[in-house]
Protein chains: 2
Amino acid sequence: MVKLEDIQRLCLTRGIIYPTAEIYGGLSGTFDYGPVGVLIKRKFIEYWRDFFVKSMDCIVEVDGATILPEKVLIASGHVESFVDPITQCEKCKSIYRADNFIEERTGKFVEGKSTKELTEIIVQEKLSCPNCKGKLSEVKMFNLMFKTFAGPTGEQIAYLRPESAQNIFTSFERVFRSSRAKLPFGIAQHGHAFRNEISARQFVIRSREFNQIEIEMFFDPENDDFEEFQSIANKEIILVTREAQLKKTDAVRIKIKDAVNKKIIPNKWMGFFLAKEFEFFKSLGIPESALRFRHMLPEETPHYSGGNFDLEIKFDFGWKETVGNAYRTDHDLKNHSKFSGEDLAVSLPDGRKILPHVVEPSFGLERILYAILLYNFVEDKERGWNWLRLPPKIAPYIAGVYPLVNKDGINEKAKEIFKTLKKNFDVLFDDAGSIGKRYARADEIGIPFGITIDYQTLEDDTVTIRDRDSTKQERIKISEIESFIKNKLIL
Amino acid sequence: MVKLEDIQRLCLTRGIIYPTAEIYGGLSGTFDYGPVGVLIKRKFIEYWRDFFVKSMDCIVEVDGATILPEKVLIASGHVESFVDPITQCEKCKSIYRADNFIEERTGKFVEGKSTKELTEIIVQEKLSCPNCKGKLSEVKMFNLMFKTFAGPTGEQIAYLRPESAQNIFTSFERVFRSSRAKLPFGIAQHGHAFRNEISARQFVIRSREFNQIEIEMFFDPENDDFEEFQSIANKEIILVTREAQLKKTDAVRIKIKDAVNKKIIPNKWMGFFLAKEFEFFKSLGIPESALRFRHMLPEETPHYSGGNFDLEIKFDFGWKETVGNAYRTDHDLKNHSKFSGEDLAVSLPDGRKILPHVVEPSFGLERILYAILLYNFVEDKERGWNWLRLPPKIAPYIAGVYPLVNKDGINEKAKEIFKTLKKNFDVLFDDAGSIGKRYARADEIGIPFGITIDYQTLEDDTVTIRDRDSTKQERIKISEIESFIKNKLIL
């Protein structure tokens, strides 16, 4: 099976994604996108936007600063509660995340336990430092936010936002008003978020700076109905219910409308997003067998939540949260109203004034890109090289343009075709080495088509187009290339 | 004349750009883009990319993390030198940037003076706190980088990048190699950068978190020739030479090739970017009379520089740097080679191994957006409202879609047209209030066209299209709307 190491190697050698400041040994958990990665990332975000934002008429997008003043994070609860328990070896000074450490070593489920309880378990279970057998310290809480100071005297505490959502809540009133909005109303955002992970690891899976893509969908909890729900009501998803987790039974396949009617899913908006996500990930080449929604257990869910559902993807190293779907109720707007003194309630046409409720699908971009690479990575002994079966819509380049030889005007003709295509598409020009090597290089980063210009091109204005997946070639007119490509870009 | 306050009011009320965490009083110098602002920003970046990156075959793009380990900023010189002199009132504790403070009050030019010299001037000139007349402290240096710590023990110092360029230099080797590049080779990047300004002010002009769009163009200093230079060699720019600044004479109009030949501009790449920028800003509605390049004086230029040229725009409050064009020579690659121990030299086809030289055009996005709004803001007494003459390519929406009345199937017909257009364009649907009010709202955020669906539409499938600039209307077929719009999107 394809492994993290294979993907990592591909990402490094082909300029997809690599450690930040790599020549200095990096800063663990931070990554830069290279030329190929930037293109895949940008196309992915555009596809996401088309799929989730532009397909609706009630969702707008914002883009906020990543430094936030302390007050925001006090109100949101992050200053107090965005913490992980840690324990340190008193001898070698290694640091461990206490809950994970205990779970891995004892199999005990300790989510939600206090620092005191965790310390007791370490003592009872006689756990010591796996590195040097040294004694482990009392468990204490470590805040995962990056702290900094604004202004020259250092008295203004600020944090790098641990989730992009807070910009949406604090600007809700202005956005709602300036958009002349009515409920339901969604606000989407793509941007960086930051978490000072105790141990950043598994390549991009647990990183300290990452791309988050979110929607906060605001709606009236007394009336969660909307037109688009009908389009997904009969769709099925795979769901690990709370019951299944307790009884250790299998995930169930369930219709959205049934799950909503049975109150397994708390409202129609949550159902809508789960259905859309299931469809979205399948369209990106991730099979149903590697997708499931897990209803988070009460002890994994904040007290204010009306129910959270993680979309988990089966990676080479196990199932992992990739999209968090949280029913945040009116918790955030309520707290920001209280702490800021601004009334964030909105007036409804029926005369009521309410704090809208919120359903939040929150996508972790790096994990998703990793999943896409993993499930589209083809180990191909016959072909002699590995390749990526990326959907054309998110491929870095839609086509490579290759002059068969670098003489007799063929290179010039190829350049001409390349320059014309480049006006409307991302295309790559490559005239180095044999055609076979160029195909291999293109396959490796998932370029769907290869356009070769040869002697016949000079005679009849035709080129060959090679299909990445079948490796078959067909001959088409130069004038037909654009429409050929456009037809393939409909995912 | 249009003023900062007019633009600021428009930005606030129409959801273009507003203070981050505004309900908490904000964190000065940080801003969020609202729904309209996000669209303008995104289109601007796409236009910039088409104009500067995609128009060339030798420029790729990357996207790096914004947290950088301390080592990078030590090597780049920022830990030592990215400082501003400050003085504090010993009584009321107000803080002032010492050099600006002295210049404003005495008219003396003090760029490059030491803290000791600045302190002496304060004493000699008997300068006191303008707020409370209190005594001003000794001048000391304040580092403008935001500092933070990675990992749970806090021993890993990191900074928010003060310029996005450093990610390009530290990843140069990997990007160059994975792209199979040759010189000249450009690496572009858009992303956030952070400067802990002593006094963030003038709306978005001096902000603490901002969007930077840069290209680092790497080339062989012994051979700076390239094909595309010919396309701009005869173009003219307006240049304030060093001589003109010393003799206080006017800016000159000069041909790029003459300026390069006379060594006023240090190489062809610098000339190329200056010419392109001049053209770019004019295409965005900023008149020549508000554009000039200033050759920075030696005391404003880092010691390693081969010559820096600021593109200055005349704002309502005066001329201000908006694009910095720096000839950074091989300074950065040399230092990163030295500090990291990695040899960042590249081999040339002629057998030489060199550290490439770099020309860097660095765009401050917020200042540019402000300039665009300022110069496209039309105060229109006759029309009765102000409007934006945004070029269609960067308008937030290309068209508004308006049902004349909300009955007899007109609204449904309008929705149908809206949904079709939305697949390919950003369009706005508005059915609230009189048509006149809807035109006014659309004009105010620069929507170029208004499509109205009326009773005649139901009969013959035609609509009226209103032109924002002339306010004239014409009737066209529904089937012609898309091609009408496409023709207007060619800037």
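None of the values given here were measured: they were computed from a predicted structure. Within each chain, residues carry numbers counting from 1 in the order of the written sequence. Lettering of chains starts at A and numbering of ligands starts at 1, both following the order in which they are written. Given that the model is predicted, a residue must reach a pLDDT of at least 70 before its local features are reported, and side-chain atom pairs must reach 80 or more before they are shown or counted; all residues, however, enter totals for whole chains, interfaces and linings. Values reported for side chains reflect all heavy atoms of the structure, with hydrogen atoms and water molecules removed beforehand.

Visitor: I'd love a proper account of the overall build of chain A, names of residues and values included.
Guide: A count of helices and strands for chain A gives 18 helices and 26 strands. Based on C-alpha atoms, the radius of gyration is set beside the globule rule, defined as 2.2 Å times the residue count to the power 0.38. Its C-alpha radius of gyration of 26 Å places chain A within 12% of the 23 Å reference for a compact globule of 491 residues. Over its C-alpha atoms, taken along the principal directions, chain A stretches across nearly 80 × 65 × 60 Å. Counting across all 491 residues of chain A, residues that qualify as buried make up 60%. Runs of H or I in DSSP of at least four residues are treated as helices and runs of E of at least two as strands, each being numbered from the N terminus. Partly exposed describes any residue whose relative accessible area lies between the buried limit of under 20% and the exposed limit of over 50%, with all areas from a 1.4 Å probe on protein chains only and scaled to the type maximum.

Visitor: So what about the pairing of strand β25 (residues 462-467) of chain A? Which residues, and what values?
Guide: Residue and element names in this part refer to chain A. In terms of burial, β25 is largely enclosed, as five of its six residues are buried. For two strands to pair, DSSP has to find at least two bridges joining them. Pairing of strand β24 (residues 449-453) with β25 involves four bridges; the strand directions are antiparallel. Counted as the bridge partner of glycine 450 is arginine 466 from β25. Pairing analysis gives five bridges linking β25 to strand β26 (residues 473-477), with the strands arranged antiparallel. From the neighbouring strand, valine 463 faces β26, where its bridge partner is isoleucine 476. Between β25 and β26, which pair antiparallel one after the other, the connecting turn spans five residues, and threonine 471 there sits at a positive phi close to 60°.

Visitor: Talk me through the relation of the copies chain B and chain A; I want residue IDs and the actual numbers.
Guide: Superposition of the copies was done by least squares, using only C-alpha atoms of residues whose pLDDT is at least 70 in both. Superposing chain B onto chain A takes a rotation of 180° plus a shift of 0.0 Å along the axis, which leaves an RMSD of 0.0 Å. One copy is carried onto the other by what is essentially a two-fold rotation axis. The rotation axis passes nearest to the C-alpha of B:Thr148 in chain B, at a distance of 2.7 Å. Here a residue-residue contact requires only that any non-hydrogen atoms of the pair lie within 4.5 Å. Mapped onto chain A, 100% of the interface residues of chain B again fall at the interface, so both copies present the same surface.

Visitor: Which residues make up the packing of aromatic side chains, and what values do they have?
Guide: To describe a pair of aromatic rings, you give the distance between the ring centres and the angle between the ring planes. Residues and elements named next belong to chain B. Each Phe, Tyr or Trp ring, with Trp reduced to its six-membered ring, pairs with another whose centre is within 6.5 Å; inter-plane angles below 30 degrees give stacked pairs, above 60 give edge-to-face pairs, and intermediate values give tilted ones. Inspection of the entire model under this criterion finds 64 aromatic pairs over all chains. Each ring, one from phenylalanine 226 and one from tryptophan 269, has its centre 3.5 Å from the other, and the planes form 5°; the classification is stacked. Linking phenylalanine 226 in the loop between β11 (209-219) and β12 (236-240) with tryptophan 269 in helix α11 (residues 268-283), this pair joins segments that are 43 residues apart in sequence. Across the pair, exposure class does not vary: phenylalanine 226 and tryptophan 269 are buried alike. Taken together, a centroid distance of 5.2 Å and an interplanar angle of 90° make the contact between phenylalanine 226 and phenylalanine 272 edge-to-face.

Visitor: Kindly report on the side chain of B:Glu209, identifying the contributing residues and their values.
Guide: Examined against the element boundaries, B:Glu209 turns out to sit in strand β11. Asp and Glu count as negative and Lys and Arg as positive, but His and the ends of the chain are not part of the count. We define a salt bridge as a side-chain nitrogen of Lys or Arg found within 4 Å of a carboxyl oxygen belonging to Asp or Glu. Among buried charged residues, B:Glu209 stands out as having no salt bridge; its nearest opposite-charge side chain is A:Arg161, 6.7 Å away. A distance of 2.6 Å separates a polar atom in the side chain of B:Glu209 from a polar atom in the side chain of B:His192. In protein, a polar contact means a hydrogen-donor-capable atom and an acceptor-capable atom, both N or O and within 3.5 Å, with residues adjacent in sequence counting only if both atoms are side-chain atoms; elsewhere, any N or O pair within 3.5 Å suffices.

Visitor: An account of a negative patch on the surface is requested, with residue identities and associated values reported.
Guide: Patch membership requires over 30% relative accessible area and the absence of a salt bridge. Like charges are linked within 9 Å, and nonpolar side chains (Val, Leu, Ile, Met, Phe, Trp, Tyr) within 5 Å. In this description, accessible areas are obtained by the Shrake-Rupley approach with a 1.4 Å probe, and a residue is regarded as covered only by the protein chains that are shown. A charge is said to be at NZ when it belongs to Lys, at CZ for Arg, at CG for Asp and at CD for Glu. The grouping of A:Glu46, A:Asp50, B:Glu46 and B:Asp50 at the surface amounts to a negative patch. Sorting the residues of the negative patch by element identifies α2 (35-54) of chain A together with α2 (35-54) of chain B as the ones contributing at least two each. Within the fold, A:Asp50 resides in helix α2.

Visitor: Help me get a handle on the sheet that holds strand β9 (residues 156-160) of chain A, residues and values and all.
Guide: Residues and elements named next belong to chain A. A sheet is described by the order of its strands in space; here three strands give the open sequence β4-β9-β8, paired in antiparallel fashion. The sheet terminates laterally at β4 (67-69) and β8 (147-150), the two strands that pair on one side only. Neighbour-to-neighbour, the strand axes of this sheet turn through a mean angle of 45°, independent of strand direction. Where β8 meets β9, four bridges bridge the pair, whose relative direction is antiparallel. Each residue of the ladder has a partner; that of lysine 147, found in β9, is tyrosine 159. Only C-alpha atoms enter the line fits that serve as axes; for helices the fit covers just the stretch in contact. Angles between N-to-C directions range over 0 to 180 degrees.

Visitor: Lay out the interface of chain B and chain A with the relevant residues and their values.
Guide: Chain B puts 82 residues into the contact, and the matching count from chain A is 82 residues. Sorting the residues of chain B by area buried against chain A places B:Ile23, B:Tyr24 and B:Arg174 first, and these three jointly supply 13% of that buried surface. Our count for the chain B to chain A interface comes out at 14 salt bridges. When the shortest N-O distance is used, the salt bridge between A:Asp57 and B:Lys422 registers 2.8 Å. Using a 1.4 Å probe, buried area is obtained as the accessible area two parts lose upon being combined, added over both of them.

Visitor: Before we move on, could you go through the pattern of salt bridges and cite the residues and values that matter?
Guide: Applying the stated criterion across every chain, the model contains 83 salt bridges over all chains. Taking the shortest distance from any N to any O, the salt bridge between A:Lys413 and A:Asp461 comes out at 3.2 Å. Note that A:Lys413 is positioned in helix α15 (residues 410-422) and A:Asp461 in the loop between α17 (455-460) and β25, a separation of 48 residues in sequence. Judged by its relative accessible area of 17%, A:Lys413 falls in the buried class. The partly exposed category is assigned to A:Asp461, whose relative accessible area is 39%. The closest approach of N and O atoms between B:Arg328 and B:Glu163, which form a salt bridge, is 2.9 Å. Here B:Arg328 is found in strand β16 (residues 318-329), whereas its partner B:Glu163 is found in the loop between β9 (156-160) and α7 (165-170), with 165 residues between them in sequence. Of the two residues, B:Arg328 and B:Glu163, neither departs from the other in class, the shared state being buried. Look at the salt bridges and you will find they share partners, linking A:Asp57, B:Lys415, B:Lys419 and B:Lys422 into a network.

Visitor: Can you break down the environment of B:Glu277 residue by residue, with the values?
Guide: All names here are of chain B. Mapping glutamate 277 onto the fold places it in helix α11. Through-space distance from the C-alpha of glutamate 277 to that of leucine 291 is 9.9 Å; in sequence the pair is 14 residues apart. Residues in contact with glutamate 277, not counting those within four places in the same chain, are Phe52, Phe293, Leu311, Val323, Asn325, Pro361 and Phe363. Side-chain polar atoms of glutamate 277 contact the side chain of asparagine 325, separated by 2.9 Å.

Visitor: Lay out helix α13 (residues 365-376) of chain B in plain terms, naming residues and giving numbers.
Guide: Given a helix with a known number of residues, its expected span is that number minus one, times 1.5 Å. In this model, α13(B) (twelve residues) spans 16 Å end to end at C-alpha, consistent with the 16 Å of a helix rising 1.5 Å per residue. Buried residues of α13(B): B:Leu365, B:Glu366, B:Arg367, B:Ile368, B:Leu369, B:Tyr370, B:Ala371, B:Ile372, B:Leu373, B:Leu374 and B:Asn376, and no others.

Visitor: So what about the sheet that holds strand β26 (residues 473-477) of chain B? Which residues, and what values?
Guide: All names here are of chain B. Taken together, five strands build an open sheet; the order of strands is β23-β22-β24-β25-β26 and the sheet is mixed. The sheet is open, and its two borders are formed by β23 (427-429) and β26, each paired with just one other strand. Averaged over all adjacent pairs, the angle separating strand axes in this sheet is 25°, with direction ignored. Taken strand by strand, helix α17 (residues 481-488) contacts β24 (449-453), β25 (462-467) and β26, and its axis lies near 125° from that of β26.

Visitor: I'd like a rundown of the domain arrangement of chain A, residues and numbers included.
Guide: Residue and element names in this part refer to chain A. When its domains are assigned, chain A resolves into domain 1 (4-79 + 145-376), domain 2 (83-143) and domain 3 (389-490). The split of the chain into domains comes from an automatic or database domain assignment. Each of domain 1 and domain 3 has a C-alpha centre, and these two points are 37 Å apart. Each partner contributes residues to the interface: domain 1 has 13 residues there, and domain 3 has twelve residues. Counting each side, the surface lost to burial between domain 1 and domain 3 is near 1300 Å², with a carbon and sulfur contribution of 65%. On the domain 1 side of the contact with domain 3, Arg14, Lys43 and Asn376 bury the most area, a combined 40% of that side's loss. Between the two partners, domain 1 and domain 3, sit two salt bridges. As a salt-bridge pair, lysine 43 and aspartate 426 come within 2.7 Å of each other at their nearest N and O atoms. Applying the counting criterion to the domain 1 and domain 3 interface returns five residue pairs in polar contact (both at pLDDT 80 or more). Of all the secondary-structure elements, those providing two or more residues to the side of domain 1 that touches domain 3 are α2 and α14 (365-376). Take the side of domain 1 that touches domain 3: its biggest share by element is seven residues, from α2. Throughout, the ten residues Ala, Val, Leu, Ile, Met, Phe, Trp, Tyr, Cys and Pro are labelled nonpolar, Asp, Glu, Lys and Arg are labelled charged, and all others, Gly among them, are labelled polar. The residue inventory of the side of domain 1 that touches domain 3, partitioned by class, reads eight nonpolar, two polar and three charged.

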